[in-house]
Each structure stands twice: as C-alpha cells, then as structure tokens.
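# Examining the three-dimensional arrangement
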Amino acid sequence: LKMSWFWFYLPLHLLMAARLCLSIKAPTTSSQQSFKTDLFNFYHSLILADGKETTVHLLKDIPRRYYFVLEEGRGLAPFTITVTPCDVPIEWSILVHKASASFLGKAARGDHDTQEVSKSQKASSMVSTIFNYKGNSVETYTGMSSHSALYMLEFLSTERDTHITVYLTTDTTSGHLYPELPMDPRIDVIGIGHTTVTLTWKHSPSVLQHRENIQYCLLLNEKHNYKSLCAAETAIRSSGMKLPPTLALSLSPYLLEPQQVMILSNSELSIINRVSSGEVRQICMGTKNTYTVPNLSPSTQYYFDVFVVNLLTNASAAYTGTFARTLEEPEPKVTELKDGKVIQVVLDGKKQKFYSLQYQARHKKIQFTFQLCRGQVRAHMTKNGKTVVSENISGLRYFSLKGKLLDTYVVQLRSTEETNSSVKVQVSPHFHKPLFPLLPESLKIKSFSKLRTCNSVTIAWLGTQEESKYCVYKKKIEEDQVWMELQSADRCSGPESRHKSEKVLCKYFYDVNLQRAVTTETIKGLDAGTLYLFDVYLFGPSGIPVRYHSKVVKTRKRC
C-alpha cells in the first residue's frame, strides 16, 4: 500500500481489519459486496466509540457506516447498541465479518502469501447481516461479540436529511447510560377536567437506585406523541421555534455548546413554546410520578410524553405516550342587557374566562357604549351569530349599529392581562340622549413646568361645546407609589370614592369653538418638593362622571 505511514498509526485491531478487506474475494450478494468495499476504504469512515453516545447526521439516500472491533483477549462478551432516530424513520442494520483467530493473527503479522490468504479466506471468513430495522422508534440490539469479528453499522434515511444518536457499550458492569424503564412503561390518565389532566406512571428502577441524579420530564402538545426527547426537540426547532441553549429539557448533548453548562433543579420547571402546530409545553417535576397538568384549553386533545432523564449523562428514556381530551367548558352564564341600563363587569385575569352579555333589539338603530375602568379588556360582539365588533377597549367607545327588530346581540368580554380588569357597558336606542357626557378630543391633563413654584402648580385640560361640570382633585404621593397609583386607578369611579380633603374645586365651562375649549387652573397651597396626583372629573347632563388621565406633578424644592 502507498499510504504505509497511515497503517503504522492505526491500532492493531484496525490493521487486522484492513488486511482482512484485502483478502476478500467477490461476494455472493450486493450487501456483502458493499460491506467488503467499505472495508477496503474504511479509513474514510468512522470508528464507533465504545461507551459514548455518538450523534450521526444523515443526508437523504446516502448511507453512513460505522465500525467497531472488540479488543483482543476478551473472548465472547455481550455488547449493546441503541439507536435513537431524532426525526423521520430510518433504516439501519448490523453486519459482521467473522474469521478464524489464526487467520487474523497471520493477517496482523503479515506472514502470508496471496495463495494462502485465498485458501484461508474461503475456509474461515463470512459476511452476514445479524440485525435489520426500519422505523422511528428507539431500538436496542444486544448480542455476543468476539475479538475475531469486525462489525459494521449502516444507517440510511430515505425521507430527508436528519440526525440520530448511537450508543455502543461492551461494559455491562458499570451501569447504564440510559435510565431504565419499568416493566410496564405506560402513562395512565387518572383524571380529566375542563382545564386539567392528571397523569401517573410507574417509577423507573433508576429513580429508586439513583434518586439524586434522575428526574422525570413531561412534554405535552396538540399534534402527536414523540418516541424520544431528541425527536420532540427536533420538531420544535423545525417549526421555527429557536430553542435557547439552556433549555432545561434540551438534554441531548448536540444542543449544547462546549462552553455551556446545564443547571437543573429538582423543583418543578416549566417551559412553554408557541409553535405553528399549537402549544408545546415542557415540565420537569423531579421524581414525582403523579402530576396534574394545569392551564389547558377546554375541549382540546393533548398528547403526553414522559421521559426519565439522567442528569449526569443527559441521556433519557421515553415512556409509552398517551393522549386525553379535556372536558368541554360549560356554557357561560349570560347576563341580559336592558335599554339605558349601565352595568359594570369585573373580569378575572387569571382564569381568562369570557363574560357574556345578551341584548335583543327593540329598535332598528342601537348604540353600545363601553367605558374601560381598569386593566385591558377585549370585546367581541356578534349579531345573530355574525361578528360585528372585535377589538380592545380603551377609554370610552361607542358602537352604532343598524339591524332589524328582535336581532340578538351577544357581547363577550375578557381581560387581556393577568390582573383583574373591569368595564362599564350600556346599550340604548340610537336616538336617545346618551348617559355618558360628550368627550373632548383628548382626556390628558397638561402641566406647565415653567409655571411650577414651591407651593403651586398650573394644569390645563380640554373641554367640549357642551356646558359641563369639571371637578379637580389632588393627592400627595411618594416616589415609589407613582406606578401603582397610575396602574390601579379605577377610571370609572367618581369623586364619591375620594376623601373630601382631596377636593380642590369644581367649575363649569364650554366653548362653541373647539379650538378655544381649553381651561387652566392654578392649584395653590402645596408643599415644596412634593409629588401630587391630580385628577379631573367631567360630568354630563346625566351626572355620570368620566375621569381624565391622572397627572403626577412635583412642586419645586427651592424658589
């Protein structure tokens, strides 16, 4: 051979394998021919590491081959190969080339001639396929190996480019890389609610033996079950969701950069990914083998997979997945709306439930009025089942609608925040005078920095063409109270909720020219260097108030 220096650096058992390939004559089958050809060119392939998990990337329709040979002197010994497809089904097989020990010895020493090799080859060498599999399940092969046998693993993906993991071990005395599954690896559904599903599964023997290094992780989605953790991670990634490198459930080594360290806690950890196919939720719950999954959607089918994970090796084993459909949500209680009557609805932000209102029209033209009091609210309105309004409510909103007598309108309200929200709703015939006052273009209060003194502040606000009553209130606040005061303010509450000492003044004004419908007020008798919260309330003919947006102003410290 021209590359004699290459053979010099090879381990002895690989040198023996290479010399064997030179002695092999024409095979009787195409697979044997392929095997012997690869033996001759095996230095272009990879040797499979013993005791380590190897990630193998496969290109479509291009086979990938790996080899392994036992060390000399071991005799017959068991070996195990575990292959985990991380995406599409693959084909893989194990081929073995066996030869007598005496022939291997001669091949290694080089003390043979061509004629002798030919005779010896006929008598003592044989190529055979000992295992073949096609699919996307995690598959394990266990067999007996000999130092006089050279093994080849061949992998092929016919659907698309993909990757797999391969684990070979000949050491059966030092424990398992993969956690063990119980004799019955099924997941049992023991409870189903509108938004919850309770699951239980039998403990892994690995949890009972090495509790501090093992934990269970649950994955749920709305599409299908996954047969391995790396298959689930691949699906999330291919959907367009970028997985962070510190993702607690990304336990497969190929997801981690060399310089990154994975830190996991035995306390429950939950990660939610929004993908095109729905929600994918991942939860690690330590060594608990019963878990109630919260915050699910009613009347939705979910698929559940449990993985037992070795925190030291990042290897995992999958229980047999299951699925369950949550119960249908009962029809929400519907509140009837009456002409001209104002109702205030408080919405629970945590439960994210809809509040339903219904109105049967007694006039062809009607007007719905929404006044946002607190938080963020979304309104969805239908007329005889068809959507006519769907938007977030801010401030005061009017919707004038035309229809027929006895048309049925249904309004559904929900909070878009996790905190509680509230809104006032009123419906009335369009030609009635509205209960809410006519509003200016803006409900903002303006302050004039140059007019601030140590004991006074000047503010201004817009009015309308309709004579209305305006009342001003002030309140001392601290620096750390500003955000809370502005966020928690109930914009529907009137002056009756304020302390009498906070009232500054009330005044009437209007202007037929909107360009001049502006009023100013200087509030005196304030403390120097102090924060004040100012509110203005607008009262219409009906007496229902509308609160302007609060304004925080600080008086000067020195004058």
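This structure is a prediction, so every number in the text was calculated from the model and none was measured.

## Regarding the pattern of salt bridges
All chains considered together, the criterion is met by 14 salt bridges. The shortest N-O distance in the salt bridge between lysine 134 and glutamate 91 comes to 3.8 Å. Linking lysine 134 in strand β6 (residues 126–135) with glutamate 91 in strand β5 (residues 90–98), this pair joins segments that are 43 residues apart in sequence. For aspartate 511, the salt bridge identified is with arginine 516, shortest N-O distance 3.7 Å. A cluster of three or more residues bridged by salt bridges with shared partners is formed by Arg498, Glu502, Asp535 and Arg547.

## Things to note about the sheet that holds strand β10 (residues 187–192)
Across the sheet, which stays open at both edges, the 3 strands sit in the order β10-β11-β15 with antiparallel pairing between neighbours. In this open sheet, the two edge strands, each paired with only one partner strand, are β10 and β15 (290–293). This sheet shows a mean twist of 25° between the axes of neighbouring strands, independent of strand direction. For strand β11 (residues 197–201) and β15, the ladder comprises 4 bridges, and the chain directions are antiparallel. By the bridge assignment for β15, valine 197 is matched with valine 293.

## Looking at the sheet that holds strand β28 (residues 446–447)
The antiparallel open sheet is built from 3 strands, whose spatial order is β28-β29-β32. Every other strand in the sheet has two partners, leaving β28 and β32 (518–523) as the edge strands with one partner each. Strand direction decides the pairing type here: β28 and strand β29 (residues 457–462), joined by 2 bridges, are antiparallel. Counted as the bridge partner of serine 447 is isoleucine 459 from β29.

## As for the environment of tyrosine 355
Relative to the assigned elements, tyrosine 355 resides in strand β21 (residues 355–360). Judged by its relative accessible area of 30%, tyrosine 355 falls in the partly exposed class. Considering only alpha carbons, one finds tyrosine 355 and leucine 413, 58 residues apart in sequence, at a separation of 5.1 Å. Excluding anything up to four places from it in sequence, tyrosine 355 contacts Thr335, Val345, Leu347, Val411, Gln412 and Leu413. Of the polar contacts made by the side chain of tyrosine 355, one reaches the side chain of threonine 335; its length is 3.1 Å.

## Digging into the packing of aromatic side chains
One pass over the structure, following the stated rule, counts 21 aromatic pairs. An angle of 55° between the planes, with centres 5.2 Å apart, marks the rings of phenylalanine 79 and tyrosine 151 as tilted. Taken together, the residues phenylalanine 79 in strand β4 (residues 77–85) and tyrosine 151 in strand β8 (residues 149–156) connect sequence positions 72 residues apart. With respect to burial, phenylalanine 79 and tyrosine 151 carry one shared label: buried. Among the aromatic residues, those joined into a ring-pair cluster are Tyr66, Phe68, Phe79, Trp92, Phe131, Tyr141, Tyr151 and Phe155. The side chain of lysine 469 reaches across the aromatic face of phenylalanine 539, ending 5.6 Å from its centre.

## A short note on unusual backbone geometry
Positive phi is not limited to glycine here, since serine 299 has a value of about 50°. Mapped onto the elements of the fold, serine 299 is located in the loop between β15 and β16 (301–310). One non-glycine residue with positive phi stands out, namely asparagine 384, at about 55°. Locating asparagine 384 in the fold gives a position in the loop between β23 (377–383) and β24 (386–393).

## Side note on the pairing of strand β2 (residues 53–58)
On β2, burial follows the alternation: Thr54, Val56 and Leu58 on one face are buried, whereas Glu53, Thr55 and His57 on the facing-out side are not. Across 6 bridges, the pairing between β2 and strand β9 (residues 162–169) is antiparallel. Residue leucine 58 lies in a different strand from β9, and its bridge partner there is threonine 162.

## Focus on the state of the cysteines
Enumeration according to the criterion identifies 5 disulfides in this entry. There is a disulfide in this structure between cysteine 86 and cysteine 230, and the S-S distance comes to 2.0 Å. Handedness here is read from the sign of the S-S torsion; for cysteine 86 and cysteine 230, about -90°, the answer is left-handed. In this pair, cysteine 86 sits in the loop between β4 and β5 while cysteine 230 sits in helix α7 (residues 229–238), placing the two residues 144 residues apart along the sequence. Summarising the burial analysis for this pair, cysteine 86 and cysteine 230 share the class buried. Two residues share a disulfide in this structure: cysteine 217 and cysteine 284, whose sulfurs sit 2.1 Å from each other. Every disulfide takes its handedness from the sign of the S-S torsion; for cysteine 217 and cysteine 284 that torsion is 95°, giving right-handed. Here cysteine 217 is found in strand β12 (residues 214–221), whereas its partner cysteine 284 is found in strand β14 (residues 278–284), with 67 residues between them in sequence. On the basis of relative accessible area, cysteine 217 is assigned to the buried category, the value being 0%. A residue is classified by how much of its surface remains accessible, and cysteine 284, at 2% relative accessible area, is buried.

## What to know about the nonpolar core
Within the largest apolar cluster, 24 residues are counted, with the highest numbers of intra-cluster contacts made by Phe368, Phe370 and Leu413. Of all the secondary structure elements, the ones that give two or more residues to this core are β20 (342–347), β21, β22 (365–374), β23, β24, β25 (396–402), β26 (408–415) and β27 (421–429). The element best represented in this core is β22, accounting for 4 residues. When near neighbours in sequence (up to four residues on either side) are disregarded, phenylalanine 370 contacts Ala379, Met381, Ile393, Gly395, Leu396, Arg397, Phe399, Val411, Leu413, Val423, Lys424 and Val425. Judged by nonpolar contacts, the second largest core, of 22 residues, contains Ile81, Val83, Tyr151 and Leu153.

The rules behind these values
Throughout, a residue's number is its position along its own chain's written sequence, starting from 1. Residues qualify for local features only when their pLDDT is at least 70, as the model is predicted, and side-chain atom pairs are given and counted only at 80 or more; totals for whole chains, interfaces and linings, by contrast, use all residues. The side-chain values count all of the structure's non-hydrogen atoms but skip hydrogen atoms and water molecules. Think of a salt bridge as a Lys or Arg side-chain nitrogen and an Asp or Glu carboxyl oxygen that are within 4 Å of each other. Here a strand is any run of E in DSSP of at least two residues, a helix any run of H or I of at least four, and the numbering for each starts at the N terminus. We treat two strands as partners when DSSP finds at least two bridges between them. Fitting a line to C-alpha atoms yields each axis, with helices limited to the stretch in contact; the angle taken between N-to-C directions then spans 0 to 180 degrees. Exposure is judged per residue with a 1.4 Å probe applied to protein chains only, and the accessible area is read against the type maximum: over 50% gives exposed, under 20% gives buried, and values in between give partly exposed. It only takes one pair of heavy atoms within 4.5 Å for two residues to be counted as in contact. What qualifies as a polar contact is a pair of N or O atoms within 3.5 Å, subject to a donor-acceptor requirement within protein and to the restriction that residues adjacent in sequence count only when both atoms come from side chains. Only the six-membered ring of Trp is used, alongside the rings of Phe and Tyr, when aromatic pairs are assigned; centres must lie within 6.5 Å, and planes under 30 degrees apart are stacked while those over 60 apart are edge-to-face, with the rest tilted. A ring is considered to have a charge above it if a Lys NZ or an Arg CZ atom is located within 6 Å of its centre and within 35 degrees of its normal. We call a pair of cysteine sulfur atoms a disulfide whenever their separation is within 2.5 Å. Remark: nonpolar core denotes a set of buried residues (Ala, Val, Leu, Ile, Met, Phe, Trp, Tyr, Cys) joined through side-chain atoms within 4.5 Å.

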